[in-house]
2 protein chains.
Amino acid sequence: MAHRVETAFVFDLDGTLIDSVYQHVLAWQEALNDEGIELAVWRIHRKIGMSGGLFTNMLLRETGHDFDAQRIARMQQRHADIYRLNLAKVRPLPGARELLLALRDANIPFAIATSGRMQTAGPALEKLQFDFSSTPIVTRDHVKYAKPEPDLFLEAADRLHVGPMSVSVVGDSVWDMLAATRGRFLGVGVLSGGYGLEELERSGAYRVFEDPADVLRHLDELGGRR
Amino acid sequence: MAHRVETAFVFDLDGTLIDSVYQHVLAWQEALNDEGIELAVWRIHRKIGMSGGLFTNMLLRETGHDFDAQRIARMQQRHADIYRLNLAKVRPLPGARELLLALRDANIPFAIATSGRMQTAGPALEKLQFDFSSTPIVTRDHVKYAKPEPDLFLEAADRLHVGPMSVSVVGDSVWDMLAATRGRFLGVGVLSGGYGLEELERSGAYRVFEDPADVLRHLDELGGRR
């Protein structure tokens, strides 16, 4: 019998399953403003989802200010606090819950891997009203380097007991696609984080869909068939 | 002496001179939610800056709900109210004021043309701390059809006493570029509204810059030389 590539999925969270990117972006702008840093919102949007360390390097590059560890920790806490205030308005993306249910029903393994910390990822996951007790959830707390390093996705694949060759990484940002490519995963883009189609294609997306509902409609094209 | 094309500029406001797109987007989401309509934030972002009538058609198409005039007026008022609450956090985009000052100093005519109403455009203009007393300001209140119809830009050109051939339209959205093309203006895109480079190029942008500061740095490439 011929060798078959079985498919497993690793999902990013914000902008991929949860409609939370714009709230994160504005919370970052406010946290930066509180430190006297003015940065245009679109520049923050373009950097959301990358590791905190790289985000800080970006800030240094864009603003010319240097940031010590204490100041960074203070901004991160402030971002988390402001985001939590707006959490009530955050919704799951269309089809997100249905997609996870369909994968579970079809016995297709999947995990979640997010650059965020459990502190903010936990409440977001609750919004999906899904039983994640048998789902690997990998957050920034579990790895040394976040996206665009592939560590989050590699850790998720390890927990699923599969190799990168078997995994499609579904994400909304350029950092997801770059990290997928770095780890030799297939990157599947979704537009629901507010990035352009071509940005995702150019950063390595193998396919791009609108949102989780659109991924679900095309699941058979992604090897989601048993 | 050879015929020369003198350059004038027409600027969109939100996302082009003022960093207000993301606040508008989230205010729309909340106004829609209050009417029981759930729409993902990225879809609202992609429609921002188009005329209210087309925005409503889009809602009908995306949600399957029909909207009577009263309900639309209520949503628009609710959007304006929520946006006003967040206006204190809205900033001019980097270089916006400097760009307008440079044009004024060089005697290059310019106007503002926005799909918004004076109710929301007025407070945004104030943030630029610029004397607009001799600048044509064209809003949704002045024309029958807003973007992507070219009426706002045509009215602005009329008030500048120039034809479309002389005008570069600077805007952040696909609707600005489409309206510019429709009116035979040159469209110059800026990324500061959060759209992707390729989205703007594909909708007809002749050049794309990062933000007003970047436009100012390249003003000589746009005919901004006297």
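Residues and elements named next belong to chain A. Spatial strand order, S5-S4-S1-S6-S7-S8: 6 strands in an open sheet with parallel pairing. Only two strands of the sheet have a single partner each, and these edge strands are strand S5 (137-138) and strand S8 (207-209). As paired elements, strand S4 (residues 110-113) and S5 share 2 bridges and run parallel to each other. Bridging from a neighbouring strand, Ile112 pairs with Ile137 of S5. Relative to the sheet, helix H5 (residues 96-105) contacts strand S1 (8-11) and S4, its axis offset from that of S1 by approximately 155 degrees.

Below, the discussion takes up the packing of aromatic side chains. Within this structure, the stated rule accounts for 11 aromatic pairs over all chains. For the ring pair Tyr22 of chain A and Tyr22 of chain B, a centre distance of 5.4 Å and an interplane angle of 35 degrees mean the geometry is tilted. With Tyr22 of chain A in helix H1 (residues 21-34) and Tyr22 of chain B in helix H1 (residues 21-34), the pair connects residues from two separate chains. On the basis of an interplanar angle of 75 degrees and a centroid distance of 6.1 Å, the ring pair of Phe153 of chain A and Phe185 of chain A is categorised as edge-to-face. Highlighted residues: Phe153 of chain A in helix H7 (residues 151-160) and Phe185 of chain A in the loop between helix H8 (174-182) and strand S7 (186-190), separated in sequence by 32 residues. Comparing Phe153 of chain A with Phe185 of chain A, the two get one shared label, buried.

Residue and element names in this part refer to chain B. Within the element layout of this structure, Glu35 appears in the loop between H1 and helix H2 (41-47). Under the relative-accessibility criterion, Glu35 is labelled buried at 17%. A polar atom in the side chain of Glu35 sits 2.8 Å from the side chain of Arg74.

What follows deals with the relation of the copies chain B and chain A. Superposing chain B onto chain A takes a rotation of 180 degrees combined with a translation of 0.0 Å along the rotation axis, leaving an RMSD of 0.0 Å. The superposition of one copy onto the other is thereby described by a two-fold rotation axis. Considering only C-alpha atoms, the part of chain B nearest the rotation axis is Gly196 of chain B, at 2.5 Å. Same-surface contact between copies: 100% of interface residues of chain B are shared with the interface of chain A.

This brings us to the environment of Ala121 of chain A. Residues and elements named next belong to chain A. Within the secondary structure layout, Ala121 lies in helix H6 (residues 118-126). It is 8.4 Å that separates the C-alpha atoms of Ala121 and Asp14, two residues lying 107 residues apart in sequence. Ignoring anything within four residues of it in the chain, the contact list for Ala121 reads Leu13, Thr114 and Thr139.

Definitions and cut-offs
- For every chain, the first residue of its written sequence is number 1, and the numbers climb from 1 along that sequence.
- The order in which chains are written sets their letters, starting at A; the order in which ligands are written sets their numbers, starting at 1.
- pLDDT decides what is reported in this predicted model: residues at 70 or higher carry local features, side-chain atom pairs at 80 or more are listed and counted, and totals for whole chains, interfaces and linings draw on all residues regardless.
- Excluding hydrogens and water, the side-chain values take into account all heavy atoms of the structure.
- Here, strands pair whenever DSSP counts at least two bridges between them.
- Starting at the N terminus, helices and strands are each numbered in turn, a helix being any DSSP run of H or I of at least four residues and a strand any DSSP run of E of at least two.
- Whether two residues are in contact is decided by their heavy atoms, any of which lying within 4.5 Å being enough.
- Here, axes are lines fitted to C-alpha atoms. For helices the fit covers the stretch in contact, and angles between N-to-C directions go from 0 to 180 degrees.
- Only the six-membered ring of Trp is used, alongside the rings of Phe and Tyr, when aromatic pairs are assigned; centres must lie within 6.5 Å, and planes under 30 degrees apart are stacked while those over 60 apart are edge-to-face, with the rest tilted.
- Note on exposure labels: buried denotes an accessible area under 20% of the residue type's maximum, exposed denotes more than 50%, and partly exposed covers the range between, all computed with a 1.4 Å probe on protein chains only.
- Polar contacts, as counted here, are pairs of nitrogen or oxygen atoms within 3.5 Å of one another; within protein the pair requires one atom able to donate a hydrogen and one able to accept it, and residues that are adjacent in sequence qualify only if both atoms are side-chain atoms.
- Here the copies are superposed with least squares, the fitted atoms being C-alpha atoms of residues at a pLDDT of at least 70 in both.

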